[in-house]
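Summary of the model geometry
One-letter residues, chain by chain:
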Amino acid sequence: MELFRICEDLKNIDGLHLIFKIVKGIILLNNTQIFEKIFGDELVWDVIGSLEYDPEIPHNQCHRDFLKEHVVFKEALPIKDPFVLSKIHQTYRVGYLKDVILARVLDDATVASLNSMIHSNNAVVVSLLKDDSTFIQELFARLRSSTTSGESKKDLVLFLHEFCSLSKSLQMVQQHRLFRDLVNEGIFDIMADVLQSQDKKLVLIGTDILILFLNQDPNLLRSYFTQQEGIPLLGLLVKGMLTDFGDDMHCQFLEILRSLLDSYASGTQKDTIIEIFYERHLGQLIDVITSACPPISSSQVVNKPVDFDGNAENQISVKPEILLNICELLCFCVLHHPYRIKCDFLLNNNIDKVLFLTRRKEKYLVVAAVRFFRTLISRNDEHLMNHIVKHNILKPIVEAFVSNGNRYNLLNSAVLDLFEHMRKENLKTLVKYVVDSFWNQLVRFENLATICSLKAKYEQVLENCGTMSSINVLDSRKRVDDRALEKEEEDYFNGDSDEEDSASVSVSHSPRQVHPLLSNGSPASYPSLSPRSGGLVDYDDDEEDEDYKPPPRKQPEISDGEEETFEAIRLKRKSTKEEPELIKKQRVGKNLKPKEGVFAALCSNLCQAVLPSKRTAISTNMVSSTTGLKNNSNEENHQVEGSMNCSDKCRGSDDNHRDKVPTTPRDCSDSLCISPDNGQPSGEDCPLTPPNS
């Protein structure tokens, strides 16, 4: 560096160019210890001076003059620690060298090292200042003091903003501790005063400080709003969102309100903030929209733009950017607080007021209104949809779409997307409402695929409604029929059984029954032939029983006439067995209940004809046998086939009287023949009385 001073005094340009290359090479070595040495207070000015003589630049640069004369270090609050001051100056000079002097020649690795050095210096400065309790207390004391001048107060706010910004260089735990200490010192009260300032630039700086706190820990700011002294700050944020800041207009207020009203944020303070916002400030936002939009179509108020209060200037006092921010915030509230904002919309009819934006001449505001409505119906809330249909709220959107004509712009796409959403989400209420109410206006756009699809969806909805109504009628009838069937089943099971009915009928047809007496004079008793006790032939197993051959039995002696009669019966039975499948199909579902009395009487007569001395016993047995046979008939060929059990019981009951009666039928049903036409006994098939009876 001494050689540099000599060459500069002698104006040795060649030597200065060579020194420039040497210093640049030293910096490109990218060594941290070298950086600490050359950027120290002793050598930094000579290093910067040597870099002024770049051989590639025809004239010399005056970097030292700029840093000494034009760069002013302004102390809002005197810093007494010299080490902190040295780090502040070094950080600025390194940044200037990186961004201005050697911006063309530094590689990425060297730039990263210089940035790391700057970051480390910032952390040191903030740590030393936050640990100095006297410095922090004096800072807030001056901010609260009423004697502090406006310019001095502005410098203090700027210093506080930079101090909070540099805290990003600290570790997360140290950042949280620093912000908590600032909250305890009353920084939010200071920000409330700053937001009321007439200096709009100072107001925007205050909002930047609040955003830094929200990014670090939102619960710190939410906790302040839940206190009584924090409520005015929320009102100031809403007011700032509605204020025209000219060219410096930004969305800081919108971002702060979004963070505060975020329903997914942690902590219990959010519910209190949401309640305060809806009670005190939502109506204020809606009033700004209604006052900024004409009450009738803009085509009728070209010469007389008035608002609800009759003030011609008030309508144009609100910038379109402010209305756009309000609409964005309302969309955010619909997504995060659907129930709370729905209650407000239904009670105050605020949806219609927001759609006043469709009357503005700015197309992006009309699109914002359509986007708000699209967000609203995306919740699929039935109450809101009924409210929309009842108050015809969609009318201004359809009118804006029709007035836009065939122009293919953002408004056209937004409305078509709205209709497509109704169709895809199957919002039947809105689909019917749109087509029923506005089809005469939309028919001119029938060539668009979205409009055609909406019409087809409408027809499908109507068809489904008609189908559902008919199904409901059929279901009601079916329920009535089912109840009737259940009633019939209950009556059937509550009534007497078929066996009891057939038995009563048979008894009524044969009232004159002679009970035979035993040798001692007591009446004879015979075992009951109930169908369940002994069991008739199981007709499901007829095919298996056909191959069964019972052992030979001792045949009783019969007369010639009886032998002819039994032979005819056997032939009849043989002919009927040749068609077992047909008989099975004909058995199902047949009910011969009305003819049970006739069959019972016929069986009784046949048994009396075969066994004159056993009429009473055979008649009694035939009552039970006929009961079991009542389901074994059909319309074309009725076959009554006695069971082997029945014959065994009849034979068993006659053993006591075998000496008295020499001949007995082998099967009770062998004497029974039924006509295939009507089920009545036929004299041609079987004679009723044996020849030798």
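From a predicted model like this one, the values you see are computed outputs, not experimental measurements.

**Some remarks on the overall build of the protein**
- Secondary structure assignment for the protein yields 34 helices and zero strands.
- Per-residue burial over the protein gives 43% buried out of 693 residues.
- Within the protein, contacts between residues at least 6 apart in sequence are counted, and of these 72% link residues at least 24 apart.
- As displayed, the protein offers around 37800 Å² of accessible surface, 51% of which is attributable to carbon and sulfur atoms.

**A short note on the nonpolar core**
- In terms of nonpolar packing, the biggest core is built from 127 residues, with F373, L394 and M422 touching the most fellow members.
- Excluding residues within four positions of it along the chain, L394 makes contact with F373, I388, L418, M422, Y433, V434 and F438.
- By size, the runner-up hydrophobic cluster in this structure holds 25 residues, among which are C7, I38, L67 and V94.

**Comments concerning a nonpolar patch on the surface**
- On the surface, L18, I22, I26 and L29 cluster together into a nonpolar patch covering about 380 Å² of accessible area.
- Counting through the fold element by element, L18 comes out in helix α2 (residues 13-28).

**Some details on unusual backbone geometry**
- Positive phi outside glycine occurs at N30, with the angle close to 60°.
- Turning to its location among the elements, N30 is positioned in the loop between α2 and α3 (32-38).
- Of note in this structure, N380 is not a glycine but carries a positive phi near 55°.
- For N380, the location among the structural elements is in the loop between α22 (363-377) and α23 (382-391).
- For N380, a relative accessible area of 39% puts it in the partly exposed group.

**Brief notes about the environment of D14**
- If you trace the backbone, D14 turns up in helix α2.
- Given a relative accessible area of 62%, D14 falls into the exposed group.

**Brief notes about the side chain of D381**
- Mapped onto the fold, D381 is located in the loop between α22 and α23.
- Side chain to side chain, D381 and K342 meet in a polar contact 3.3 Å long.
- Of the polar contacts made by the side chain of D381, one reaches the backbone nitrogen of L384; its length is 3.1 Å.

**Regarding the pattern of salt bridges**
- Summed over the entire model, instances satisfying the criterion amount to 20 salt bridges.
- Two residues, E56 and R104, come together in a salt bridge whose shortest N-O distance is 3.4 Å. One end of the pair, E56, is in the loop between α4 (44-50) and α5 (63-70); the other, R104, is in the loop between α6 (82-101) and α7 (108-131), and 48 residues separate them in sequence. Judged on exposure class, the residue E56 and its partner R104 are both exposed.

**Remarks on the side chain of D155**
- Within the secondary structure, D155 is located in helix α9 (residues 150-166).
- For D155, which is buried and forms no salt bridge, the nearest opposite charge comes from K74, at a distance of 4.1 Å.
- Once you skip the residues sitting within four places of it in the chain, D155 turns out to touch K74 and A76.

So, how was this worked out
- Residues numbered from 1 in each chain as written.
- Predicted model: local features only at pLDDT ≥ 70, side-chain atom pairs only at ≥ 80, totals over all residues.
- Heavy atoms only, no water.
- Helix = DSSP H or I, 4+ residues; strand = E, 2+ residues; numbered from the N terminus.
- Buried < 20%, exposed > 50% of the residue type's maximum accessible area, 1.4 Å probe, protein only.
- Contact = heavy atoms within 4.5 Å.
- Areas by Shrake-Rupley, 256 points an atom, 1.4 Å probe, with all protein chains shown as cover.
- Core = buried A, V, L, I, M, F, W, Y, C linked by side-chain atoms within 4.5 Å.
- Patch = residues over 30% accessible without salt bridge, like charges linked within 9 Å, V, L, I, M, F, W, Y side chains within 5 Å.
- Salt bridge = Lys/Arg side-chain N within 4 Å of Asp/Glu carboxyl O.
- Polar contact = N/O pair within 3.5 Å; in protein donor to acceptor, adjacent residues only side chain to side chain.
- Lys, Arg positive; Asp, Glu negative; His and termini not counted.

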